[in-house]
Amino acid sequence: MRILVIGSGYVGLVAAAGFADSGHRVLGVDVDAAKLEKLKKGVSPIFEPGLDELLQRYLASGALEFTLDIRQGIADADAAFICVGTPQSEDGSADLQYVLAVAAKIGQAMALRPADARPLIVVDKSTVPVGTAARVHAAIQAQTDRAFEVVSNPEFLREGCAIDDFLFPDRVVVGCRTDFAESVMKEIYAAKLAAAKARNPEGGRWFRMDPPSAELTKYAANAMLALRISFMNEIANLCEEVGADVDQVKEGIGADHRIGRHFLNPGPGFGGSCFPKDLQALLKVGRENGHALMTLATTVEANRHQKQVLALKVRTHYGCKAGTPAPLAGRRFALWGLAFKAHTDDIREAMALELIESLASLGAELVVHDFEAMPNVKAKIGDRVRYAATPLEACEGADALIIATEWPQYREADLQQIAGRLKAKVMFDGRNLFRPEAMKACGWTYHSIGRMAVLG
Ligand code: NAD
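Residues numbered from 1 in each chain as written. Predicted model: local features only at pLDDT ≥ 70, side-chain atom pairs only at ≥ 80, totals over all residues. Heavy atoms only, no water.

Student: Can you help me understand the site of the ligand in this one?
Tutor: Taken together, 24 residues form the shell around the ligand, and within it D30, K35, T86, E159 and K277 come nearest. A distance of 2.9 Å separates an oxygen atom of the ligand from a polar backbone atom of T127. Here S273 contributes a side-chain N or O atom positioned 3.4 Å from a nitrogen atom of the ligand. A per-class count over the shell around the ligand returns 9 nonpolar, 8 polar and 7 charged. (Near = heavy atom within 4 Å. Polar contact = N/O pair within 3.5 Å; in protein donor to acceptor, adjacent residues only side chain to side chain. Nonpolar A, V, L, I, M, F, W, Y, C, P; charged D, E, K, R; others polar.)

Take a look at the structure:
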């Protein structure tokens, strides 16, 4: 198949490389010339484990190319995947300007297709609200009389393990109206579904549905996951009050097969490029249709609170009084982890950024470290913090260590070496990387999430 992938960000790049890996000919498109220059040299503009290797392999084989010009590949394309951003608008809704701009461009370029070409399958892979497939259809139809069909194919990949998720999908959801569209989509995904099934007979499932159901499936999936996280965070906060241990509670409820073990880890609030904006967009869809999604509204509110939990623990530990100007002046903190989660450089809505704002506004100095996200943070907040080349360097002379992202290397760090660099053995661990008993035995003061504080 010949596939256009429009938008070369986290989703578009993984999809482009992933489709090339299935034996398709792929043309990646973006409007960002600097990004494309890098890509043409086989350098990924984002950090995603395994992506560089795939890009280099298929650029070299010729299966994958990149261009600024959508018209270059439209004439003989079987499908065009729209993978551009859908950021949050001021009113919470998904901003569809990029999606609709791409639709208009596809419409204009359709004239390059032979009049008797089979219908182009235009695929909404961006996360878009119910009704967008119809709007994309209208935007294309306004420009052309050539045949096409719009299909909704939401993406469920997780940053940090996106390649594996894309190459071995647990399910592919396709919202379409005709058997022809389904057959094209099946051919595009055939190799991936087979690979996923070979790995796990429960995986590689195919769901054909109507476009609105596919569009809603994506939002409902993210909302359900966010709800689990916020629920566990609230249980964790309660654990601290009543002397329970959230790790034990988690084991106890996760063993129930109706609940399962996934997404039960408490933490310092969710961030990222998807959950926050997708929840707002779904809430907006609910309001517009006269259905206030109450559990979702509470999830958002609980998460807003949770993103302050680490700062609150720091303030409480140092006895910061409300109304005192700069109560943390003269204190320095090492902050490990800036990305919204491990294995990515993505800092969109990252909890660490809010933490930095909170602590800096109280007068604290911050020395930060992350394995991939520091360039993005530097581009966003510049010299508001100091950047350390290594985790240990960040700890040098700091009053305490704060952990915001669960990079596995942090879990393996040598506690004695850390203690040797800090002024005091004090840690605020937003990811529960260490065991309270072990910390107690080594004389640390250790604050984590949902477990009793250890006062060394
Ligand atoms: P991104 O911001 O990383 O990438 C979007 C890309 O589109 C950018 O490179 C931008 O330059 C390009 N672009 C914008 N306008 C364009 C145009 N007219 N023509 C060609 N390219 C254009 O975004 P992302 O994280 O890849 O997300 C894309 C969509 O996928 C969003 O709707 C998002 O919600 C959804 N999604 C994201 C994830 C994720 O983990 N990042 C997972 C599932 C779904």
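Further notes follow.
Student: Got a minute to help me understand the pattern of salt bridges in this structure?
Tutor: Pairing between side chains of opposite charge can happen when the charged atoms of each approach one another. For the coordinates displayed, the defined rule picks out 32 salt bridges. The residue D21 makes a salt bridge to R57 at a minimum N-O spacing of 3.8 Å. Of the two residues, D21 sits in helix α1 (residues 10-21) while R57 sits in helix α3 (residues 51-61), which places them 36 residues apart along the sequence. Judged by its relative accessible area of 29%, D21 falls in the partly exposed class. (Salt bridge = Lys/Arg side-chain N within 4 Å of Asp/Glu carboxyl O. Helix = DSSP H or I, 4+ residues; strand = E, 2+ residues; numbered from the N terminus. Buried < 20%, exposed > 50% of the residue type's maximum accessible area, 1.4 Å probe, protein only.)

Student: Looking at this model, I keep getting lost on the sheet that holds strand β10 (residues 365-369). Mind explaining?
Tutor: For sheets, the rule is that strands pair by backbone hydrogen bonds, running either parallel or antiparallel. Strand order in the open sheet formed by 6 strands is β11-β10-β9-β12-β13-β14, and the pairing between neighbours is parallel. Both outer strands of the open sheet, β11 (386-387) and β14 (445-447), are each paired with one neighbouring strand and no more. Pairing of strand β12 (residues 400-403) with strand β13 (residues 426-429) involves 3 bridges; the strand directions are parallel. Residue pairing for β13: I403 is matched across the bridge by D429. In the packing of helix α14 (residues 351-361) onto the sheet, the strands contacted are β9 (332-336), β10 and β12, and the crossing angle to β10 comes to about 160 degrees. (Pairing = 2+ DSSP bridges. Contact = heavy atoms within 4.5 Å. Axes fitted to C-alpha atoms, helices over the stretch in contact; angles between N-to-C directions.)

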